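# Coordinates in review
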Amino acid sequence: MREDLQHAVKLARIELTPEEEARLGSQLGDILKYIDKLNELDVKGVEPTAHAVPLTNVLREDQPGKSLSHEAAMRNAPQTANGLFIVPKIVE
Amino acid sequence: MPHTLTISQLTDKLAQGELTSREATQACLDRIAAVDGQLNAFLSHDPEDALAQADAADAARAAGEIKPLLGVPIAMKDVIAVNGHPLNCASKILGDFNSPYDATVTQKLCEAGAVIFGRVNMDEFAMGSSTENSAFGPSRNPWDTGRIPGGSSGGSAVAVVADECIASIGSDTGGSIRQPAALCGCVGLKPTYGRVSRYGLVAFASSLDQIGPLTKDVRDAAIMLGVIAGEDQRDSTNVPEPVPDYTAALTGDIKGLKIGLPKEYQVDGLDPEVKAATDAAVAELEKQGAEVKEISLPHTEYAIATYYIIATAAASANLARFEGVRYGARVDGASPEQMNRATRGAGFGEEVKRRIILGTYVLSSGYYDAYYLRAQKARTLIRQDFLNAFKEVDLIASPTTPTPAFKIGEKSGDPLQMYLSDIFTISCNLAGLCGISVPCGFSKEGLPLGLQLLGKPFGEPNLLRAAHAYEQATDWHTKRPQLA
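Now for a description of the structure that goes with this document. Numbering of residues starts from 1 in each chain and follows the order in which that chain's sequence is written. Chains and ligands are labelled sequentially in the order written, the chains with letters from A and the ligands with numbers from 1. The predicted nature of this model means local features are confined to residues of pLDDT at least 70 and side-chain atom pairs, given and counted, to a pLDDT of 80 or more, with totals for whole chains, interfaces and linings taken over all residues. Side-chain measures were taken over the full set of non-hydrogen atoms in the model, leaving aside hydrogen atoms and water.

Whenever a carboxyl oxygen of Asp or Glu lies within 4 Å of a side-chain nitrogen of Lys or Arg, that contact is scored as a salt bridge. In the structure shown here, the tally under the stated rule is 26 salt bridges over all chains. Lys353 of chain B is the salt-bridge partner of Glu20 of chain A, the closest N and O atoms lying 2.7 Å from each other. On the criterion of chain membership, the pair formed by Glu20 of chain A in helix α2 (residues 18–35) and Lys353 of chain B in helix α11 (residues 350–363) is interchain, its members lying in two chains. Like Glu20 of chain A, the residue Lys353 of chain B is buried in the burial classification. Among the salt bridges present, the one from Lys67 of chain B reaches Glu65 of chain B, with a minimum N-O distance of 3.0 Å. To qualify as a helix, a DSSP run of H or I must reach at least 4 residues; to qualify as a strand, a run of E must reach at least 2; elements of each kind are numbered from the N terminus. The buried label applies to any residue whose accessible area, calculated with a 1.4 Å probe on protein chains only, is under 20% of its type's maximum; exposed applies above 50%, and partly exposed to all values in between.

As structure tokens, this is what we get:
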């Protein structure tokens, strides 16, 4: 895999097997070559579109309402204790 | 054979007391037991829960309640939350996730009286065009079980065409409702961006995703859209347009409706049988009084590249939440970062990894302007093409897919070829339009073909009117595969 793609893999936090790395490296190389097609396009002065529908901020009154219980919000977590998510040790 | 009925046929029979929801629901469950072993449309279903909902619907009807979907069994794509039911997005990474709340669409269907039963298969996280990317094995095309049903809402299309449910819900980010509908031979409607709330839909590409129905005919699509559309305070991208009675648009009268044929859609690789079927469908619309003219969408050739930059960039951000901490499966590691890497490496399938890496790449420092920003500008040009075209025409017609359903495994080793098969469907999402696929014939090998119509933002009434008028003149939508 190309070095710049390896960097993206690192940023994306995805562990790849050596076989996956070889296969994805070559497929992503082909895909990047294809999307380079966009370089043909003259986009000078064109505004970018983030959303196809023009959006404005939607505001409402800040009133308390019903929401998920603590228990329901945490019931799918792989590891919890005392109402908190447990993760591997961060600092020694 | 209650499971073979459309929504409107079933609700008529329920209203007249000829049939109960329990009988209809049981018929669907029996059908699943009989045919789903060879199709793999359903990832899970809960017969007891389904029959309890059906009994409740029958009791409500006996008490005089009238609701648009009262007692109608509907299957749900495995990407939409149903409180108390599993939700996997056809991925291993969600483990034994069980939804703690209902999506707005789920809630609206429940309020309309639907029996929501069963989660149907899909490409993992809705990424794919064949349902081969499901971690639970591919679904199979009911017309030829050696072929793909399309995707990503493949299970939704199979379940409808194989009469395992009355109608289903799918989601469409680049064609994921319309393409499987075309390849399996049912109706698939992608509403305008902002028409249907995305609350409770697991996000793939937030500026492109939209929920919509797959149904046995156009009237059913109109009924379903009327139920699921509308404003929702929990989705800030929802557009507060009033919801009309979409069935009122099904007048059969399309005289004077202007239909555009994009000259750029005569692409290499367009199957001659697909082209002939689409041409014949357009001729039928013309015969009924529509005015047909050629139009131009000059930036068509950049649509796929634009889409695969924008959609993967969004996916790389949206799927960052699957890190082994708050929900789903976890693979242990010595540090949080190692745990994240191991969890994501083991939990995501290969297409999802490919797209997250590509999306991370195009957003990363040094490449953002060259790829992501440039794609957003290309999106402006693509959208402008459509807005210009819609000054001249009311609808745009094309094939839904360039070829009929391909064989399982045929394209799975070549993702770029798979992406290129999305050519006719992805611009609709980039431009925020509405689109529908309706059955328009069969190939010589007996595989269904689809006609796609695209409409202006919030132009669903005209879209449904034309699709319905076409359907009235043909019987493609009534054909069903022979399953052993």
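Relative placement of two packed helices is described by the angle separating their axes and the distance separating the axes. All names here are of chain B. Contact geometry of helix α7 (residues 218–228) with helix α15 (residues 460–472) gives a least axis separation of 9 Å together with a crossing angle of 155°. By the angle between their axes, α7 is roughly antiparallel relative to α15. Contact residues: α7 offers Val218, Arg219, Ala221, Ala222 and Leu225, while α15 offers Glu460, Leu464, Ala467, His468 and Glu471. The classification used treats Ala, Val, Leu, Ile, Met, Phe, Trp, Tyr, Cys and Pro as nonpolar, Asp, Glu, Lys and Arg as charged, and all other residues, Gly among them, as polar. Here the residues of the contact of α7 with α15 are counted per class, giving six nonpolar, one polar and three charged. Only the contacting stretch of a helix is used when fitting its axis, a line to C-alpha atoms as for every element, and angles between N-to-C directions run 0 to 180 degrees. Small angles under 35 degrees read as roughly parallel and large ones over 145 as roughly antiparallel, with 65 to 115 read as roughly perpendicular and the rest as oblique. Between two residues, a contact is recorded if the distance between any of their heavy atoms is within 4.5 Å.

The next thing to look at is the pairing of strand β9 (residues 395–399) of chain B. Residue and element names in this part refer to chain B. For β9, the buried fraction is high: five of the five residues fall into the buried class. Pairing between strands is defined by DSSP: at least two bridges between the two strands are required. In the sheet, strand β7 (residues 258–262) pairs with β9 via two bridges, with the strands oriented parallel. For Gly260, the partnering residue across the bridge sits in β9 and is Ile396. In this structure, β9 lies alongside strand β11 (residues 448–455), joined through five bridges in antiparallel fashion. Looking at β11, one finds that Ala397 is bridged to Leu453.

A few words on empty space enclosed by the protein. All names here are of chain B. Cavity and pocket criteria rest on a 1 Å grid covering protein atoms alone: a 1.4 Å probe that fits but cannot get out defines a cavity, protein on both sides within 12 Å along at least 5 of 7 lines defines an open pocket, and an atom within 4 Å of a point defines a lining residue. Grid points are joined across faces, edges and corners, and a volume is the space filled by probe spheres set on the points. The final tally for this structure, using the stated rule, is four cavities of 30 Å³ or more. What the largest cavity holds in volume is close to 90 Å³. In this structure, the largest cavity is lined by 15 residues; those nearest its centre are Gly128, Ser129, Ser176, Tyr307 and Asp422.

Turning our attention to a nonpolar patch on the surface. All names here are of chain A. Together, Val87, Ile90 and Val91 give the surface a local cluster of nonpolar side chains, amounting to about 300 Å² of exposed area. Checked against the element boundaries, Val87 lands in the segment after β2 (84–85). With a relative accessible area of 32%, Val87 lands in the partly exposed category. The patches reported here contain residues having more than 30% relative accessible area and no salt bridge. Joining distances are 9 Å for like charges and 5 Å for nonpolar side chains (Val, Leu, Ile, Met, Phe, Trp, Tyr). Working definition of accessibility: Shrake-Rupley area with a 1.4 Å probe, residue cover restricted to the visible protein chains.

Moving on to the packing of aromatic side chains. Only Phe, Tyr and Trp rings take part, Trp by its six-membered ring, and two of them pair if their centres are within 6.5 Å. Stacked means planes under 30 degrees apart, edge-to-face means over 60, and tilted covers everything else. All chains considered together, the criterion is met by 15 aromatic pairs over all chains. Here the aromatic residues Phe97, Phe125, Phe322, Tyr327 and Phe348 of chain B are joined through ring pairs into a cluster of three or more.

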